[in-house]
Amino acid sequence: MTKVTTLGQFIIEKQADFPYAKGELSRLLRDIGIAAKIVNREVNKAGLVDILGDNGTTNIQGEGQKKLDVYADGQFISALRSGGECCVVASEEHDDCIFIESEISRDAKYIVCIDPLDGSSNIDVNVSVGTIFSVYRRTSKEGRVQLGEVLQKGTQQVAAGYVVYGSSTMLVYTTGKGVNGFTLDPSIGEFCLSHPNMEIPQNGTIYSINEGNYIKFPQGLKDYIKYCQVEDQATSRPFTSRYIGSMVADVHRNLIKGGVFLYPTTSSHPQGKLRLMYECNPLAFIIEQAGGKASNGSSRILETPPEHLHQRTPIFIGSTQMVEKVEEFIRLAETETQPVG
Ligand code: AHM
Ligand code: MG
């Protein structure tokens, strides 16, 4: 019989990589894993119960919240609240940070940023959605955590992960020592190690972008898309276009198969659409740990100084060589539009 390693066992084994660890991060990750299983159960029965559709409220970005967004948000916050290791949660679904000030969280040293249900416009149509999270250490020793401590650069993450609720449910995470993936076995209700030491191919043939926005893209992006569509045997072009509309699922596919996911600035979203703290930083940490690259077009996503919680950024993430090619097209278009002299 082959040995099955559950997420819980794996987290405990990996604690040994951090000799001074007291198990708090392990417990935090375990709590997130449990909440993910509960959310998975609800996502799976979404078609059966009256949980589909709009909740009638909007989040800070003015986007409609779906009922399952609200449910997932509640589950993760309550798991982090009762776990005792987290002092602040910043969720895409809330305008402000949620400070956890219970007795058991008195010594909590971790800050969690979370997009509880990414790709929620896909819920009603049985297409993959996911959860994205990132963990930071608080920088002050005691007292109420200040907003500045939440707004840390992505390079300061101590862990990041995502869950894809798809044809099977997977949890993928990193603590800065490689990336490991776990598939939920519904028969035993456990995430089991299925993708150890995940590595993204350095090059690929998949590009993922909402091409319907083509007219709104900067020139460098338009040029890159044309490059993807040109026939060239040496580089296996034309490339394949794949866009699910759930960033977490698109990035997950590209992590396994190789590819690039692009969400540039557009004329309607001049800062980009995706959020630095909830979506881009955690996925950038994971992809870098898997050997890939995440850029805003000119520099590393993880080096972006966060100024506010719901900050947006353009992002190009995936196989290193493909991301570098995108950067090259952006640079070229910018130098061509520079005035001469
Ligand atoms: P959400 O977190 O509200 O679901 O929004 C983020 C999603 C990403 O998952 C996805 O890649 C993108 O928005 C799709 O946007 P668009 O419809 O503009 O292509
Ligand atoms: Mg999202």
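Above this note sits the structure.
Here is what the cut-offs are and how they apply
- Residues numbered from 1 in each chain as written.
- Chains lettered and ligands numbered in written order.
- Predicted model: local features only at pLDDT ≥ 70, side-chain atom pairs only at ≥ 80, totals over all residues.
- Heavy atoms only, no water.
- 1 Å grid on protein atoms, 1.4 Å probe; cavity = no way out; pocket = protein on both sides within 12 Å on 5 of 7 lines; lining within 4 Å.
- Points joined across faces, edges and corners; volume = space filled by probe spheres on them.
- Helix = DSSP H or I, 4+ residues; strand = E, 2+ residues; numbered from the N terminus.
- Nonpolar A, V, L, I, M, F, W, Y, C, P; charged D, E, K, R; others polar.
- Expected span 1.5 Å × (residues − 1).
- Buried < 20%, exposed > 50% of the residue type's maximum accessible area, 1.4 Å probe, protein only.
- Contact = heavy atoms within 4.5 Å.
- Pairing = 2+ DSSP bridges.
- Patch = residues over 30% accessible without salt bridge, like charges linked within 9 Å, V, L, I, M, F, W, Y side chains within 5 Å.
- Areas by Shrake-Rupley, 256 points an atom, 1.4 Å probe, with all protein chains shown as cover.
- Salt bridge = Lys/Arg side-chain N within 4 Å of Asp/Glu carboxyl O.
- Near = heavy atom within 4 Å.
- Polar contact = N/O pair within 3.5 Å; in protein donor to acceptor, adjacent residues only side chain to side chain.
- Domains from an automatic or database assignment.

Student: Just checking my understanding: could you explain empty space enclosed by the protein for this structure?
Tutor: Here the structure, examined in full by the defined rule, presents one cavity of 30 Å³ or more. One number sums up the size of the largest cavity: a volume of about 40 Å³. What lines the largest cavity is Leu-7, Ile-11, Leu-29, Ile-32, Gly-33, Phe-133, Leu-171 and Tyr-173. Elements with a contribution of two residues or more to the lining of the largest cavity: helix 1 (7-14), helix 2 (24-44) and strand 8 (169-174). Among the elements that take part in the lining of the largest cavity, helix 2 stands out by supplying three residues, more than any other. Of the residues assigned to the lining of the largest cavity, the class counts are seven nonpolar, one polar and no charged.

Student: Just to check I follow, could you spell out helix 8 (residues 320-337) for this structure?
Tutor: Its 18 residues give helix 8 an end-to-end C-alpha distance of 26 Å, which sits within 8% of 26 Å, the value for a rise of 1.5 Å per residue. Every buried residue of helix 8 is accounted for by Thr-320, Met-322, Val-323, Val-326, Glu-327, Phe-329, Ile-330 and Ala-333. Contact partners of the buried residues in helix 8: strand 11 (206-208), helix 5 (219-229), strand 13 (260-263), strand 14 (293-295) and strand 15 (315-318).

Student: In this structure, what is going on with the pairing of strand 6 (residues 129-137)? I would like to understand it.
Tutor: Along any regular strand the residues' side chains alternate between the sheet's two faces. Across the nine residues that make up strand 6, a large majority, eight, are buried. Of the pairings in the sheet, the one linking strand 5 (residues 110-118) to strand 6 comprises seven bridges and is antiparallel in character. Across the sheet, the residue bridging to Ile-114 is Phe-133, located in strand 6. Sheet topology places strand 6 next to strand 7 (residues 159-165); seven bridges connect them, and they run antiparallel.

Student: How do you make sense of a nonpolar patch on the surface when you look at a structure like this?
Tutor: Residues Val-125, Val-127 and Ile-244 make up a contiguous nonpolar surface patch of roughly 210 Å² in combined accessible area. Looking at the element boundaries, Val-125 is found in the loop between strand 5 and strand 6.

Student: Whenever I open this one, the site of ligand 1 confuses me. Can you help?
Tutor: Near ligand 1 there are 16 residues, and of these Gly-119, Asn-210, Tyr-243, Met-247 and Tyr-263 occur at the shortest range. Contact between ligand 1 and Glu-92: an oxygen atom at 3.2 Å from a side-chain N or O atom of the residue. Protein chains bury 83% of the 470 Å² of accessible surface belonging to ligand 1 in isolation. Built from parts of two domains, the shell around ligand 1 gets at least three residues from each of domain 1 (7-195) and domain 2 (206-336).

Student: What is the right way to read the pattern of salt bridges from this model?
Tutor: Where side chains of opposite charge bring their charged atoms close, a pairing between them can arise. Applying the stated rule across the entire model yields 17 salt bridges. Note that Asp-250 and Arg-253 form a salt bridge whose closest N and O atoms lie 3.0 Å from each other. On the criterion of helical spacing, the pair formed by Asp-250 and Arg-253 is a turn pair, its members being three residues apart in helix 6 (residues 247-257). When its relative accessible area of 0% is taken as the criterion, Asp-250 is described as buried.

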